[in-house]
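The primary structure of each chain is shown beneath.
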Amino acid sequence: MTGDRFELAVHDHGGEGPPLLLLHGAGRTLTDWAAVAPLLLTRHRVLAVDLRGHGRSPSGPWRLPAVLGDLERALAAHGIPAALPVGHSLGGVLAVLYALEHPEVTPGAVNLDGFGWGRPDQYMGLDPDYVLRHLGLVRALNAEGLGRELSADGLKELLSEQRAMSDRLGVPYELLEAGVLRSVHEREDGVLEVRPGRGEAVQMLAEIDSLDLFALFRAMPVPLLLVRAQRVEPAVSGLGWFEPMMAAYAKGLARDLGALAEERHQLTVAAVDATHAMLLENPRAVAETVLGFTA
């Protein structure tokens, strides 16, 4: 690391063929790709990274130009500057931004359910003011979950939560455990923290919330695959309004993505039978969708 020029933590999965760069979501790590990456090796060289402030990568100001610069340097260091970025959630947004910034070498991009919380008008059948109020609650809860400090028994409690999530979603516990252990680190003051830290997390969410994603999709000069989750996020305990609100958003998102695909011939829209946690829930469907696009 020199100044704000970071060397990201990388997992080089190997493989031969056109290179892919795998990007994880907010508060996640490159371990999310553990079940998907091997399925992509049949036709691709595959590289996965921890984004800045995540996993085992260095921390620093979370600004989009700097984050995209991290990715550019990682690809250059591995001799694959023309890799096609494939991102999930936050990583999907970064994949789009990276392709927009490097259209002369980037052959395309894949965004796996990286659509944020959308616009109020995308929540079909719901009053926009109602949506705005509840989106404020959703964003606040989302921010609270990042940069979490752990008590003495906090790691044990966090792993217990992952066990429950494994049972609820049918996801192998080992994948969830690996992600947690890669995310938790001990600060200089001795406190265990789930990365990214609070300050970085706030910056990160603000950077992404400032974007007009559909404007970015329309501006894409290279082929773009947009993949949405077919299944709605399960209900959150104590928030009875959450699941129906997400179901309304899913309908509006499907409508708007379909219209966008009709408008832009270089844009492909697909869906995967999973919730937002598609990398963990249905890795084979994710890999097949990506391979169908890259073919």
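Keep in mind it's a predicted model, so treat the numbers as computed, not measured. (Residues numbered from 1 in each chain as written. Predicted model: local features only at pLDDT ≥ 70, side-chain atom pairs only at ≥ 80, totals over all residues. Heavy atoms only, no water.)

**Q** Can you walk me through the sheet that holds strand β3 (residues 45-49) in this structure?
**A** Sheet strands pair via backbone hydrogen bonds, and the direction of the pair is either parallel or antiparallel. Read across the sheet, 7 strands follow the order β1-β3-β2-β4-β5-β9-β10 without closing on themselves; strand pairing throughout is mixed. Two strands lie at the open edges of the sheet, namely β1 (10-14) and β10 (267-272), each paired on one side alone. This sheet shows a mean twist of 15 degrees between the axes of neighbouring strands, independent of strand direction. Note: strand β2 (residues 19-23) against β3, 5 bridges, orientation parallel. Of the residues in β3, the one forming a bridge with L20 is V46. Helix α2 (residues 64-77) contacts β2 and β3 of the sheet and is inclined by roughly 140 degrees relative to β3. (Pairing = 2+ DSSP bridges. Helix = DSSP H or I, 4+ residues; strand = E, 2+ residues; numbered from the N terminus. Axes fitted to C-alpha atoms, helices over the stretch in contact; angles between N-to-C directions. Contact = heavy atoms within 4.5 Å.)

**Q** How do you make sense of the packing of helix α5 (residues 154-169) against helix α6 (residues 173-183) when you look at a structure like this?
**A** Describing two packed helices takes the angle between their axes plus the distance from one axis to the other. The geometry of α5 relative to α6 is characterised by a closest axis approach of 9 Å and an angle of 150 degrees between their N-to-C directions. Between α5 and α6, the interaxial angle falls into the category roughly antiparallel. Between α5 and α6 lies a crossing whose hand is right-handed. Counting all contacts with α5, which are made through L155, L158, L159, Q162, R163, M165 and S166, the residues of α6 involved are Y173, L176, E177, V180 and L181. Considered class by class, the residues forming the contact of α5 with α6 number 8 nonpolar, 2 polar and 2 charged. (Parallel < 35°, antiparallel > 145°, perpendicular 65-115°, else oblique. Left-handed = near helix turned anticlockwise from the far one by under 90°. Nonpolar A, V, L, I, M, F, W, Y, C, P; charged D, E, K, R; others polar.)

**Q** In this structure, what is going on with the pairing of strand β9 (residues 224-229)? I would like to understand it.
**A** Consecutive residues of a regular strand have side chains that alternate between opposite faces of the sheet. Within β9, 5 of the 6 residues are buried, which leaves the element mostly enclosed by the surrounding structure. Bridging between strand β5 (residues 109-112) and β9 involves 4 bridges; their strand directions are parallel. Pairing of N111 across the sheet is with L226, part of β9. (Buried < 20%, exposed > 50% of the residue type's maximum accessible area, 1.4 Å probe, protein only.)

**Q** Any chance you could explain the pattern of salt bridges here in plain terms?
**A** Pairing is possible between side chains of opposite charge, provided their charged atoms come close. Throughout the structure, instances matching the rule amount to 16 salt bridges. The closest approach of N and O atoms between D209 and R139, which form a salt bridge, is 3.4 Å. Placement of D209 in helix α7 (residues 198-209) and of R139 in helix α4 (residues 128-144) is noted, with a sequence separation of 70 residues between them. Under the relative-accessibility criterion, D209 is labelled partly exposed at 44%. (Salt bridge = Lys/Arg side-chain N within 4 Å of Asp/Glu carboxyl O.)

**Q** What exactly am I supposed to notice about the sheet that holds strand β6 (residues 149-150) here?
**A** Across the sheet, 3 strands lie side by side as β6-β8-β7; this open sheet has antiparallel pairing. Of all strands in the sheet, those bounded by a partner on one side alone are β6 and β7 (184-186). As paired elements, β7 and strand β8 (residues 192-194) share 3 bridges and run antiparallel to each other. Looking across to β8, one finds that H185 is bridged to E193.

**Q** When you look at helix α9 (residues 242-263) in this model, what are you seeing that I'm missing?
**A** A turn of α-helix holds 3.6 residues, and therefore any two residues three or four places apart point the same way. For α9, which comprises 22 residues, the first-to-last C-alpha distance of 31 Å matches the rise-based estimate of 32 Å (1.5 Å per residue) to within 8%. The set of residues buried in α9 consists of F242, M245, M246, A248, Y249, G252, L253, D256, L257 and L260. Down the axis of α9, the buried side of the element spans an arc of 165 degrees, and every buried residue falls inside it. Away from the buried face of α9 by more than 90 degrees, exposed residues K251 and E262 are located. (Expected span 1.5 Å × (residues − 1). Arc of directions from axis to C-beta.)

Taken by themselves, the reported measurements are silent on function.
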